[in-house]
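Descriptive analysis of the structure
Take a look at the letters that make up each chain.
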Amino acid sequence: MAARTAIVVGGGIGGLTSAVALADRGWEVTLAERAPSLDPVGSGLALGPNALRALDTLGLGDPVRELAAFQGDAGIRRAGGAWLSRTSAEAAVARYGDPTVLLLRSALVDLLTGRLDRVETLLGTTVTGVDPDLGVVRTDDGRERRADLVVAADGIHSPIRATAFPDHPGPQYAGVTAWRFVVEADEPPTPSETWGRGLVCGVMPLAGNRVYCYMTAVAPAGASAPDGEKAELTRLFRSWHAPIPELVERAGPILRNDVFHLAQPLPAMHRGRVALLGDAAHAMTPNLGQGACQAIEDAVVLAHELTGGGGLPAYTRARLPRTSAIVERSARISRLTRLSHPVAVAARDAAIRALGLLGPTALLRQGDSVFDWTPPRDSPTR
């Protein structure tokens, strides 16, 4: 029997994971990426216990766990430094079996690309059109390729999604812009996320004395700093607690992007022979740190359902309710971070502090529906 064929469009985390998962199950996989290399765009990312379990099905969970860089307390703080709610990595392990691992995006990409030995990779190749019903993919080299499956991992502004679901409104601006950078640190800071008036700053230690920082602020879409993003961050966060101003001062390259999300869920995560995953299927705000995690979940569930499972309809049934709920929950948190009126901010902070007074597991329990997920039982382990 001839092997089933798949074309994966997009070489981000979701596309790479799906290529590896399908190839592990005997599919003939072609990965098409418009960039000339698979070098990652981005700085750091968070992988929760749910994503680590998904990666276990590919034999990649433990290499990621080895990159866990912090122990001890973590939580949410005020701009002046006072804690609103605290928990710890140890409490997370006790509750979920794993912590959330913060790592460089490039580290995960390296692990995944190291498993592409059985995947045909087409770099510098732009997909110009897809026929979802026939599984035909047209590329800018003038070729047409046909496959049993087309995986749309082509990002938040996915052209394949627009083709498959032309009546869907597409991504909407969430009202905030985000900055990300990685810096060297003399000693690892306490991991925390600090909330102010319409501002957020996350400080997360990575392996090798590096720190991943992310910031968000309410801003009109398409705005940019007239004198550079570092100057803008200095203005916004200069009075915040240590080490935030120092980390901004040390920052080298800073990535800035407006935050978009799919506020309206898709009617399905497949059409014809096309399966959508990751940001193409359910782009979300970064507030739960689940963007990459949900793309990884998508990939392993897709491979399971297409190999001895229930096919693409079963993939939609398994993924659409879960991802839609996480998109909405992340959007609710984003709305809380956008509050700027002093009374509203005080009420928000009081509610978070009251939750924190219930004990170190109170904040963790809020993540049960996200982190208490396991992949399909018969997913193979390499």
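Residues numbered from 1 in each chain as written. Predicted model: local features only at pLDDT ≥ 70, side-chain atom pairs only at ≥ 80, totals over all residues. Heavy atoms only, no water.

1. Here's the deal with the sheet that holds strand β8 (residues 127-131)
Reading across from one edge, β8-β9-β10 is the order of the three strands in this open sheet, with antiparallel pairing throughout. The open sheet has two edge strands, β8 and β10 (144-146), and neither has a second partner. For this sheet the average axis-to-axis angle between neighbouring strands, irrespective of direction, equals 20°. As paired elements, strand β9 (residues 136-139) and β10 share three bridges and run antiparallel to each other. By the bridge assignment for β10, R138 is matched with E144. (Pairing = 2+ DSSP bridges. Helix = DSSP H or I, 4+ residues; strand = E, 2+ residues; numbered from the N terminus. Axes fitted to C-alpha atoms, helices over the stretch in contact; angles between N-to-C directions.)

2. Looking at the domain arrangement of the protein
One widely used convention gives an interface's size as the accessible area the parts lose upon coming together. Annotation of the protein at the domain level lists domain 1 (5-171 + 262-372) and domain 2 (174-260). Centre-to-centre separation of domain 1 and domain 2, based on C-alpha positions: 22 Å. On the domain 2 side, the residues contacting the 37 residues of domain 1 number 29 residues. Interface of domain 1 and domain 2: buried area, both sides summed, is about 2700 Å²; carbon and sulfur atoms make up 67% of it. Summed over the shared surface of domain 1 and domain 2, the result is zero salt bridges. Counting across the interface, domain 1 meets domain 2 through nine residue pairs in polar contact (both at pLDDT 80 or more). Elements with a minimum of two residues in the side of domain 1 that touches domain 2: β3 (44-47), β4 (73-78), β6 (101-104), α11 (311-337) and α12 (342-356). No other element matches β4, which puts six residues into the side of domain 1 that touches domain 2. Classifying every residue of the side of domain 1 that touches domain 2 gives 22 nonpolar, ten polar and five charged. (Domains from an automatic or database assignment. Contact = heavy atoms within 4.5 Å. Buried area = accessible area lost by both parts, 1.4 Å probe. Salt bridge = Lys/Arg side-chain N within 4 Å of Asp/Glu carboxyl O. Polar contact = N/O pair within 3.5 Å; in protein donor to acceptor, adjacent residues only side chain to side chain. Nonpolar A, V, L, I, M, F, W, Y, C, P; charged D, E, K, R; others polar.)

3. Focus: unusual backbone geometry
Going from A242 to P243, the amide bond is cis rather than trans, its omega being 5°. By the element assignment, P243 lies in the loop between α7 (229-237) and α8 (244-250). Located in the positive-phi region is N209, a residue other than glycine, with phi close to 60°. Structurally, N209 can be placed in the loop between β14 (199-206) and β15 (210-218). Residue classification places N209 among the partly exposed positions, given a relative accessible area of 45%. (Buried < 20%, exposed > 50% of the residue type's maximum accessible area, 1.4 Å probe, protein only.)

4. Observations concerning α7
Those residues of α7 lying buried are E229, E232, L233 and F237. One side of α7 holds all its buried residues, which, seen down the axis, span an arc of 105°. Packed against the buried residues of α7 are β12 (172-184), β14, β15, α8 and β16 (255-261). (Arc of directions from axis to C-beta.)

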